[in-house]
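# Structural overview for review
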Amino acid sequence: MDFAALHDWNLDSRQAVALQRELARQVRLMPTVSESPATVAGVDVSYEKHGDHFFAAVIVLDFASLTVIDQAWADGRVDFPYIPGLLSFRELPILLAAFRDRKSVV
């Protein structure tokens, strides 16, 4: 999946909080569409307790039948610490790698 770089992920916690506040000001809430989506995706990130090895998985389903359309994964090392409220800075880089690299298992 192609998407633009969101920002530099090499941030300390103070910079991450500042970026999160800046991005929050850009959020625009809009009503959802009335049609059902054609596809839906589920994502998850797991890691060894107290470790830095992370694993991210993505699964895409046909919404009507819940048939698996695609799956992808990525694994790697993560160095952002666990800080409540800043979980995206810890988990999103490996999740984005799964979307980007599509090491498909289907």
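Calculation notes
Residues numbered from 1 in each chain as written. Predicted model: local features only at pLDDT ≥ 70, side-chain atom pairs only at ≥ 80, totals over all residues. Heavy atoms only, no water. Helix = DSSP H or I, 4+ residues; strand = E, 2+ residues; numbered from the N terminus. Polar contact = N/O pair within 3.5 Å; in protein donor to acceptor, adjacent residues only side chain to side chain. Contact = heavy atoms within 4.5 Å. Buried < 20%, exposed > 50% of the residue type's maximum accessible area, 1.4 Å probe, protein only. Phe/Tyr/Trp six-rings, centres within 6.5 Å; stacked < 30°, edge-to-face > 60°. Lys NZ or Arg CZ within 6 Å of the ring centre and 35° of its normal. Lys, Arg positive; Asp, Glu negative; His and termini not counted. Salt bridge = Lys/Arg side-chain N within 4 Å of Asp/Glu carboxyl O. Core = buried A, V, L, I, M, F, W, Y, C linked by side-chain atoms within 4.5 Å. pLDDT = per-residue confidence, 0-100. Pairing = 2+ DSSP bridges.

What follows is about the side chain of Arg90. As for its position among the elements, Arg90 is in helix 2 (residues 87-101). A distance of 2.7 Å separates a polar side-chain atom of Arg90 from the backbone oxygen of Phe80. Once you skip the residues sitting within four places of it in the chain, Arg90 turns out to touch Tyr47, Gly51, Phe54, Val78, Phe80, Pro81 and Tyr82.

Before going further, it helps to spend a moment on unusual backbone geometry. For His50, which is not glycine, the phi dihedral falls at a positive 60°. Following the sequence through the fold, His50 ends up in the loop between strand 1 (39-47) and strand 2 (53-62). Located in the positive-phi region is Leu66, a residue other than glycine, with phi close to 60°. One can find Leu66 in the loop between strand 2 and strand 3 (68-77). Since its relative accessible area comes to 55%, Leu66 is described here as exposed.

For the coordinates displayed, the defined rule picks out 4 aromatic pairs. Centroid distance Tyr47 to Phe54: 4.4 Å. Interplanar angle 15°. Geometry classified as stacked. Aromatic ring contacts, followed pair by pair, group Trp9, Phe80 and Phe89 into a single cluster. Of note, Arg90 hangs over the ring of Tyr47, and the distance from its end group to the ring centre comes to 5.0 Å.

With that settled, consider the side chain of Glu91. Tracing the sequence through the fold places Glu91 in helix 2. At 5.5 Å, Arg90 is the nearest oppositely charged side chain to Glu91, a buried residue that forms no salt bridge. Those residues in contact with Glu91 that lie beyond four places of it in its chain are Val45, Tyr47 and Phe54.

Moving on: the nonpolar core. Core analysis: the biggest nonpolar cluster contains 10 residues, these being Val45, Phe54, Ala56, Val58, Ala74, Val78, Ile94, Leu95, Ala97 and Ala98. For this core, the secondary-structure elements that each account for two or more residues are strand 2 and helix 2. If you tally residues by element for this core, the top one is helix 2, at 4 residues. With 6 residues, the next largest nonpolar core counts Leu11, Phe80, Leu86 and Phe89 among its residues.

Across the protein, pLDDT averages 87, with 92% of residues at or above 70. Within the protein, the lowest mean pLDDT, 52, falls on strand 4 (residues 103-104), and the highest, 94, falls on helix 1 (residues 13-24).

What follows deals with the pairing of strand 1. As judged from the 9 bridges shared by strand 1 and strand 2, these two strands associate in the antiparallel manner. When the bridges of strand 2 are listed, Ser46 appears paired with Phe55. Linking strand 1 back to strand 2 in an antiparallel pair, the connection comprises 5 residues, with His50 at a positive phi of about 60°.

For the rest of this paragraph, the subject is the environment of Pro81. Tracing the backbone shows Pro81 in the loop between strand 3 and helix 2. On the accessibility criterion, Pro81 (42% relative accessible area) is partly exposed. Sequence separation of Pro81 and Asp52 is 29 residues, and the distance between their C-alpha atoms is 9.2 Å.

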